[in-house]
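# Observations on the three-dimensional arrangement
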Amino acid sequence: MTNTADPAASRTEEQFRDAPIFDADQHMYETPDSLTKYLPEKYARAVQFAQIGRQTRIVINNKVTDFIPNPTFERVAAPGAHEKFFAGENSEGLTLREMQGPAIEAPAATRNPVDRITELDRQGVVEALNYPTLASLVEHSAADDPQLTLAIIHALNQWMAEHWSYNYADRIYSTPIINLSEVDAAQRELEYILDNGAKVALIKPGPVNGLHGWRSPALPEFDPFWRDVEAAGLPIVLHASYPPLDGYIASWEPPHTANFMAQSPFRWMALGHREISDMITSLICHGTLTRFPKLRVASVENGSSWIYPLFHDFEDLHKKMPQNFPEHPHEVFRRNIWVSPFWEGCVADVVDTVGWDKVLFGSDYPHPEGLAEPKGFWKYAEGMDVRRTYDFMGDNARRFLGLPIANPDPSVATTTTS
């Protein structure tokens, strides 16, 4: 961490204060009717909120999940409440629940775009990607019923378009979800969100359950969808989600709870970031990113510690079977993939591997594991000069979305950032 008494630290803080921020990782807290308002009548009883003891739980297809402690978000942990835990400064050995303290009423900025704009102004954030919080839970819990999954996701997208819009004031880019259980349905959802002004879409990193059982969404049978995405020039975000390896972990230790605040040390270690590593591996090994080289894909809130081992394994595999790779996997990754490291992670390591133009800043506001203040990232910065600060804190996200960059230096607009 930077020493705030150091003059260099003061310069770092000033440069982060001045850089126009594009926060690539912010969230909304949905209202309960976000999943049900537009749900077809035949699925009316498939999504319910149940009171179990003192807790509210979401029930999907009669399956109760506690992955999100309070799915109504009436009371939430304060933004940044878990910062010391994720910064590795939990010297007192507190649990996440002990660390967060009393719950608070969900900030108004998490509930609607008008208040979010006010909060962005206060934070000094110009633009933000705005992700739903319930989506990953829904796709996991309903996965055994692909038709229900598609119906819930479409209902959530309709609610999001009405409640937030997909592009509010060219500052809040809310991310509708595309579920790939069925290729035709994914194409229809893509058409719907594009017709409603989507500038970016969200896809769960992991296999999907459809007509042919569980499959990688990067297999050639999904090419009609990816072809449409590439033709539309729509960026795709792979955001951290309910881990698809949950059942595997349950075979190692009793699954007493899926609550993210009560995960065991084994679960933390064994899960790691397997889902995003496998998803990127699939997109490269199954050839999607070679068949559609103009796709723009970002990994958000999946950390970055998995990147170096992945690059090492790709290099080793490419030497063993180069005939299976029409392009070197490293080149494909560097061309098509953007990465938003955890705020507490080592940005320099990511830069050395994937290049400066592919690294995005994300605060994870308003979640407790995020930063309370996006500009607070300067404390974890690693000696970036002014240009790299502009790139990381905003312009690389603008490049990802195809927006004009903010760096006033005219030479930056005409050169690459790698």
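In this report, we go over the structure that sits alongside the text. These numbers were taken from a predicted model, which means no experiment stands behind them. (Residues numbered from 1 in each chain as written. Predicted model: local features only at pLDDT ≥ 70, side-chain atom pairs only at ≥ 80, totals over all residues. Heavy atoms only, no water.)

Moving on, we get to the overall build of the protein. What the protein contains, in helices and strands, is 17 helices and 14 strands. Counting every position in the protein, which comprises 418 residues, the buried fraction comes to 54%. Surface exposure of the protein reaches about 17,900 Å², of which carbon and sulfur atoms provide 53%. (Helix = DSSP H or I, 4+ residues; strand = E, 2+ residues; numbered from the N terminus. Buried < 20%, exposed > 50% of the residue type's maximum accessible area, 1.4 Å probe, protein only. Areas by Shrake-Rupley, 256 points an atom, 1.4 Å probe, with all protein chains shown as cover.)

Counted under the stated rule, the structure contains 14 salt bridges. Between R215 and E221 there is a salt bridge; the shortest N-O distance is 2.5 Å. By relative accessible area, which is 29% here, R215 ends up partly exposed. For E221, a relative accessible area of 31% corresponds to the partly exposed category. (Salt bridge = Lys/Arg side-chain N within 4 Å of Asp/Glu carboxyl O.)

With seven of seven residues buried, strand β1 (residues 21–27) lies mostly within the body of the structure. Pairing of β1 with strand β7 (residues 125–131), which is carried by five bridges, proceeds in the parallel orientation. For I21, the partnering residue across the bridge sits in β7 and is V125. (Pairing = 2+ DSSP bridges.)

Let us look at the sheet that holds strand β3 (residues 55–60). In space, the three strands of this open sheet follow the order β2-β3-β4, with antiparallel pairing throughout. Of all strands in the sheet, those bounded by a partner on one side alone are β2 (47–52) and β4 (63–65). On average, each strand axis in the sheet is tilted by 35 degrees relative to the strand beside it, whichever way the strands run. Judged from the six bridges that link them, β2 and β3 form a sheet pairing that is antiparallel. Each bridged residue has a counterpart across the sheet, and for Q51 the counterpart in β3 is T56. (Axes fitted to C-alpha atoms, helices over the stretch in contact; angles between N-to-C directions.)

This part covers a nonpolar patch on the surface. Together, Y248, W252 and F266 make up an exposed nonpolar region whose accessible area comes to about 350 Å². Looking at the secondary structure, you find W252 in the loop between α9 (246–250) and α10 (265–271). (Patch = residues over 30% accessible without salt bridge, like charges linked within 9 Å, V, L, I, M, F, W, Y side chains within 5 Å.)

Before going further, it helps to examine the packing of aromatic side chains. Applying the stated criterion across every chain yields a total of seven aromatic pairs. Seen from their ring centres, F225 and W226 are 5.0 Å apart, and the 70 degrees between their planes marks the pair as edge-to-face. Neither F225 nor W226 differs from the other in exposure class; each is buried. A ring pair is formed by F311 and F333, whose centres lie 4.9 Å apart and whose planes are at 75 degrees; its orientation type is edge-to-face. Of this pair, F311 sits in helix α13 (residues 307–320) while F333 sits in helix α14 (residues 329–336), and the two are 22 residues apart along the sequence. By relative accessible area, F333 is classed as buried at 0%. Taken together, the aromatic side chains of W306, F311 and F333 make up a single cluster linked through ring pairs. (Phe/Tyr/Trp six-rings, centres within 6.5 Å; stacked < 30°, edge-to-face > 60°.)

What follows deals with the pairing of β7. One face of the sheet, then the other: side chains in a regular strand alternate in exactly this way. Counting buried positions along β7 gives six out of seven residues, so the element sits mostly inside the fold. Bridge analysis of β7 against strand β8 (residues 172–174) gives three bridges, and the strand direction is parallel. Bridging from a neighbouring strand, L129 pairs with Y173 of β8.

On to the side chain of T149, then. Along the chain, the position of T149 falls in helix α6 (residues 146–163). Residue class for T149 comes out buried when judged on its relative accessible area of 1%. Apart from the residues within four sequence positions on either side, T149 is in contact with E139, A142, A143 and N179. (Contact = heavy atoms within 4.5 Å.)

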